[in-house]
Amino acid sequence: MVNTDGQLYTIEGFAAGLIMLMTAYLVVNATSVYTAGDTHISDMQLEALGSDALTMMGTNVSLLTTSPLESTLEYVIDNPSSVPNATFKAVFLNLTNHRTGKPIDYNKIDSTMDYIHFNASYTCRDLTNNNITSYPISYSRNLTGGEHTVRATKWVIVNKGSVTAPFCGSTTKQYRAVLVEVLLWRD
Amino acid sequence: MARLNDDAQWIILMGFLVSFSFFFLAIIINQSTVVGQTTAESVIEFPKNDIRDTRQVIGETVNIPYPDNITVQKDITVLSMNRKSSVVDYSNFTAGNATYIKIHYNNGVTEYNENWSYL
């Protein structure tokens, strides 16, 4: 026979079940939420890393010597065909990818080890027509357009008279300010 | 009608307490994932490295002799506008034994002004 004896127990059971389900859902869901903050945090770290690396490269050991960044830049200005510049690539990759354990094989194209890639260029103002032009310095891999990049910049003052190629629209030796820009991204 | 007895009310009450404490813990854990967001956003937005780098390069220009320092000053102003969309203006001049440097930086979000001199 059908009777109504157990209805309140059934309702109580349902209520308890719902509370447990809701709690379990919230607990499991809470730790796996990916917010926009996660990408911001890694962007911030990558930008700081790139800026620090450029600052290190742009710091000269003494007043009598030029910084690694400046000497590389002068070499690239004189030899535009040397792009991608091997010195810049080696130093920059070394600074940004230093870690413990097995060294990274940067030249291995199909390397499965992930590391931070970069694309560096410098921008200067042409004295004759005031145009702004960017020239490549070095890169670790070609940009495909799908990368999520951040940018780090560094001012460099170059005292240069170019022998082989006009530097910023001039062949006479003079001080010029150029902006080195590096795009960094994680592979 | 079901006969209710009130023997186990404490157990039920404790069960509620436990589930509510789980609920509040879940809310706290939920908030922790967005903790870094505001910090990272404001760090990215604030051009600390830009300002430092601009200060440094302007400091370097003090040693550049006369005709070239005009060129370098225009380089910095034009390239800042073009590549970083920031207004940078500076002047340095020597009066007597003292050198005065004025720096103005504005990228639309952050404005930075500095005025200093040294002997």
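Draft legend 1. Fine view of the overall build of chain A. Secondary structure assignment for chain A yields four helices and four strands. Going from the N terminus to the C terminus, chain A shows its helices and strands as α-α-α-α-β-β-β-β. For chain A, the spread of C-alpha atoms along the three principal axes comes to 110 × 40 × 30 Å. Here the contacts in chain A between residues at least 6 apart in sequence split such that 63% fall between residues at least 24 apart.

Draft legend 2. Just the pairing of strand E1 (residues 116-125) of chain A, in detail. Residues and elements named next belong to chain A. With nine of 10 residues buried, E1 lies mostly within the body of the structure. Two elements, E1 and strand E4 (residues 174-186), share eight bridges in a ladder whose sense is antiparallel. Looking at E4, one finds that Ser 121 is bridged to Glu 181. Pairing geometry for E1 and strand E2 (residues 132-139), over seven bridges, is antiparallel. Each residue of the ladder has a partner; that of Ser 121, found in E2, is Pro 136.

Draft legend 3. Expanded view of the interface of chain A and chain B. If you look at the interface, chain A gives 42 residues, while chain B gives 42 residues. Approximately 3,700 Å² of surface area, both sides summed, lies buried where chain A meets chain B, with 64% of it carried by carbon and sulfur atoms. Among the residues of chain A in contact with chain B, Arg 125, Trp 155 and Tyr 175 of chain A are the three that bury the most area, contributing 20% of the side total. Counting the contacts that link chain A with chain B gives four salt bridges. Between Lys 154 of chain A and Asp 53 of chain B there is a salt bridge, with its nearest N and O atoms 3.1 Å apart. In this structure, the connection of chain A to chain B is made through 12 residue pairs in polar contact (both at pLDDT 80 or more). Elements that contribute at least two residues to the side of chain A that touches chain B include exactly helix H1 (7-31), helix H2 (36-57), E1, E2, strand E3 (150-160) and E4 of chain A. Counting residues per element, the side of chain A that touches chain B draws most heavily on H1 of chain A, which supplies 10 residues.

Draft legend 4. Quick peek at the domain arrangement of chain B. If you check the domain split of chain B, you get domain 1 (1-44) and domain 2 (48-118). The distance between the C-alpha centroids of domain 1 of chain B and domain 2 of chain B comes to 55 Å.

Draft legend 5. Broad picture of a nonpolar patch on the surface. Side chains of Ile 12, Phe 16, Phe 20, Phe 24 and Ile 27 of chain B sit close together on the surface and give an oily, nonpolar patch of about 470 Å² of accessible area. When you line up the elements, Phe 16 of chain B lands in helix H1 (residues 9-32).

Draft legend 6. Quick peek at the pattern of salt bridges. For the structure on display, the rule yields nine salt bridges over all chains. For Asp 78 of chain A, the salt bridge goes to Lys 160 of chain A, with nearest N and O atoms at 3.0 Å. Of this pair, Asp 78 of chain A sits in helix H3 (residues 68-78) while Lys 160 of chain A sits in strand E3, and the two are 82 residues apart along the sequence. The class for Asp 78 of chain A is partly exposed, based on a relative accessible area of 21%. Through salt bridges with shared partners, a single network forms among Arg 125 and Arg 176 of chain A together with Asp 75 of chain B.

Draft legend 7. Geometry of the packing of aromatic side chains. All names here are of chain A. In total, this model carries eight aromatic pairs over all chains according to the counting rule given. Summarising the aromatic geometry, the rings of Phe 88 and Phe 92 are spaced 5.7 Å apart at their centres and angled 10° between planes, so their arrangement reads as stacked. Taken together, the residues Phe 88 and Phe 92, both in helix H4 (residues 86-97) and four residues apart, mark about one turn of the helix. This pair shows no difference in class: Phe 88 is buried, exactly as Phe 92 is. Between Phe 88 and Phe 118 the ring centres are 5.6 Å apart and the planes differ by 45°, which places this aromatic pair in the tilted class. Here Phe 88 is found in helix H4, whereas its partner Phe 118 is found in strand E1, with 30 residues between them in sequence. For the pair shown, Phe 88 and Phe 118 are each scored as buried. Feature note: the residues Phe 88, Phe 92 and Phe 118 constitute an aromatic cluster, connected by ring pairs.

Parameters and conventions
- Residues numbered from 1 in each chain as written.
- Chains lettered and ligands numbered in written order.
- Predicted model: local features only at pLDDT ≥ 70, side-chain atom pairs only at ≥ 80, totals over all residues.
- Heavy atoms only, no water.
- Helix = DSSP H or I, 4+ residues; strand = E, 2+ residues; numbered from the N terminus.
- Contact = heavy atoms within 4.5 Å.
- Buried < 20%, exposed > 50% of the residue type's maximum accessible area, 1.4 Å probe, protein only.
- Pairing = 2+ DSSP bridges.
- Buried area = accessible area lost by both parts, 1.4 Å probe.
- Salt bridge = Lys/Arg side-chain N within 4 Å of Asp/Glu carboxyl O.
- Polar contact = N/O pair within 3.5 Å; in protein donor to acceptor, adjacent residues only side chain to side chain.
- Domains from an automatic or database assignment.
- Patch = residues over 30% accessible without salt bridge, like charges linked within 9 Å, V, L, I, M, F, W, Y side chains within 5 Å.
- Areas by Shrake-Rupley, 256 points an atom, 1.4 Å probe, with all protein chains shown as cover.
- Phe/Tyr/Trp six-rings, centres within 6.5 Å; stacked < 30°, edge-to-face > 60°.

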